[in-house]
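Analysis of the macromolecular model
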Amino acid sequence: NAGVMQNPRHLVRRRGQEARLRCSPMKGHSHVYWYRQLPEEGLKFMVYLQKENIIDESGMPKERFSAEFPKEGPSILRIQQVVRGDSAAYFCASSPPGDPYEQYFGPGTRLTVT
Amino acid sequence: TQLLEQSPQFLSIQEGENLTVYCNSSSVFSSLQWYRQEPGEGPVLLVTVVTGGEVKKLKRLTFQFGDARKDSSLHITAAQPGDTGLYLCAGRSSGTYKYIFGTGTRLKVLA
């Protein structure tokens, strides 16, 4: 059973470009969390989604950031018009339908904005 | 704003020593998790504790949830170089799905 997959692992964008980060949950998992980790810091919650629904987006910046988890395909975290402060590691975690608190993390996408 | 403070921030010890790291908050959590994260990888779940006073053991690791469910500790016996990593605690409040992560303890075990 493959683990949580994220791609790309590394992403370089110039200021003003868009970044699209993908997360494929573990097979059978229907919940996805997105977190951001700045260097030498802990993880900050961004958003919690179920298939086709955003359940809690209280950690998402009000502008430029959006997330989706469609019925088919991976979850996408989209950052428009990136700025240098968006440089960070972005992790997703998935949970099975019976236990949304059991999080299995992916390897992360490291975003660098130049 | 809920905060989870971990101490110490950094810890460097010799192989075979024992150590304890702490996770403290002024908030009550319905569950608390401990993770270990290695450079370039995502966190790996070690344990989930849900009952005040609960103690769980995982080989040489002992986890305790405080009676008031505001704090937790992780004790490692006879540390090994393979224990090296960033240890994170994460707490979840009742009625919410999201976990608040602590500031982390970076452990280095020297051979």
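Here, every reference points to the structure presented above.
A brief look at the structure comes next. Everything numeric here is computed off the predicted structure, so don't read it as measured data.

Scoring rules and cut-offs
- Each chain carries its own residue numbering, running from 1 in the direction its sequence is written.
- Chain A is the first chain written and ligand 1 is the first ligand written, with later ones labelled in order.
- Local features in this predicted model are restricted to residues of pLDDT 70 or higher, and side-chain atom pairs are both shown and tallied only at a pLDDT of 80 or more, whereas totals for entire chains, interfaces and linings draw on every residue.
- As a rule here, side-chain values cover all heavy atoms of the structure and leave hydrogens and water aside.
- Numbering of helices and strands runs from the N terminus, with a helix taken as a DSSP run of H or I at least four residues long and a strand as a DSSP run of E at least two residues long.
- For the exposure calls, accessible area comes from a 1.4 Å probe over protein chains only, and a residue counts as buried if that area is under 20% of its type's maximum, exposed if over 50%, partly exposed in between.
- Residues are treated as being in contact if the distance between any of their heavy atoms lies within 4.5 Å.
- A pair of strands is considered paired only if DSSP assigns at least 2 bridges between the two.
- A fitted line through C-alpha atoms represents every axis, and for helices the fit uses only the stretch in contact; the resulting angles, taken between N-to-C directions, go from 0 to 180 degrees.
- Residues belong to a common nonpolar core when they are buried Ala, Val, Leu, Ile, Met, Phe, Trp, Tyr or Cys residues joined through side-chain atoms within 4.5 Å.
- In what follows, salt bridge is the name for a side-chain nitrogen of Lys or Arg lying within 4 Å of a carboxyl oxygen of Asp or Glu.
- Residues adjacent in sequence count toward polar contacts only when both atoms are side-chain atoms; beyond that, a polar contact is any pair of N or O atoms within 3.5 Å, and within protein one must be able to donate a hydrogen and the other to accept it.
- Put simply, a disulfide is two cysteine sulfurs that come within 2.5 Å.

Some thoughts on the environment of B:Gly104
Residues and elements named next belong to chain B.
- Relative to the assigned elements, Gly104 resides in the loop between β10 (99-101) and β11 (105-110).
- Residue class for Gly104 comes out buried when judged on its relative accessible area of 4%.
- Each C-alpha atom of the pair Gly104 and Ser7 lies 7.8 Å from the other, and the pair is 97 residues apart in sequence.
- Setting aside anything within four residues of it in sequence, one finds Gly104 in contact with Gln6, Pro8, Gln9, Leu86, Tyr87 and Leu88.

Some thoughts on the sheet that holds strand β6 (residues 55-58) of chain B
Residues and elements named next belong to chain B.
- Strand order in this open sheet of five strands is β1-β3-β8-β7-β6, and the pairing throughout is antiparallel. Taken across any chain shown, the strands that pair with only one partner, and hence form the sheet edges, are β1 (5-7) and β6. Across this sheet, the average inter-strand angle for adjacent strands is 15°, counted without regard to direction.
- Sheet analysis places strand β3 (residues 19-24) next to strand β8 (residues 71-76), joined by six bridges and oriented antiparallel. Among the inter-strand pairings, Leu19 is bridged to a residue of β8, identified as Ile76.

What to know about the nonpolar core
- With 23 residues, the main nonpolar core has A:Trp34, A:Met46, A:Leu77 and A:Tyr90 as its most contacted residues.
- Elements supplying a minimum of two residues to this core: β3 (19-24), β4 (31-37), β5 (43-50), β7 (65-68), β8 (75-79), β9 (88-95) and β11 (109-113) of chain A.
- Residues B:Leu4, B:Leu32, B:Leu46 and B:Ala79 belong to the second largest nonpolar core, which totals 21 residues.

Thoughts on the pattern of salt bridges
- Here the structure, examined in full by the defined rule, presents six salt bridges over all chains.
- The partner of A:Arg64 in a salt bridge is A:Asp86, and the shortest N-O contact between them spans 2.7 Å. With A:Arg64 in the loop between β6 (53-56) and β7 and A:Asp86 in the loop between β8 and β9, this pair connects stretches of sequence that are 22 residues apart.
- Judged by its relative accessible area of 2%, A:Asp86 is buried.
- Residue B:Glu38 pairs with B:Arg36 through a salt bridge whose shortest N-O separation is 3.9 Å.
- With relative accessibility at 22%, the residue B:Arg36 sits in the partly exposed group.
- The structure contains a network of salt bridges with shared partners spanning A:Glu18, A:Arg20 and A:Arg78.

Structural notes on the side chain of B:Ser31
All names here are of chain B.
- Turning to its location among the elements, Ser31 is positioned in strand β4 (residues 31-37).
- Among the polar contacts listed, one links the side chain of Ser31 to the side chain of Tyr99, at a separation of 2.9 Å.
- Beyond its immediate chain neighbours, meaning those up to four positions away, Ser31 contacts Thr48, Val49, Val50, Phe65, Ala90, Gly91, Arg92 and Tyr99.

Some details on the state of the cysteines
- Overall, the coordinates contain two disulfides over all chains when judged by the stated rule.
- Sulfur-sulfur distance for the disulfide between A:Cys23 and A:Cys92 comes to 1.9 Å. The S-S bond linking A:Cys23 to A:Cys92 shows a torsion near 75°; that makes this disulfide right-handed. Placement of the pair is A:Cys23 in strand β3 and A:Cys92 in strand β9, with a sequence separation of 69 residues.
- Accessibility expressed as a relative area gives 0% for A:Cys23, which makes it buried.
- Classification of A:Cys92 as buried rests on a relative accessible area of 0%.
- For B:Cys23, the disulfide goes to B:Cys89, at an S-S distance of 2.0 Å.

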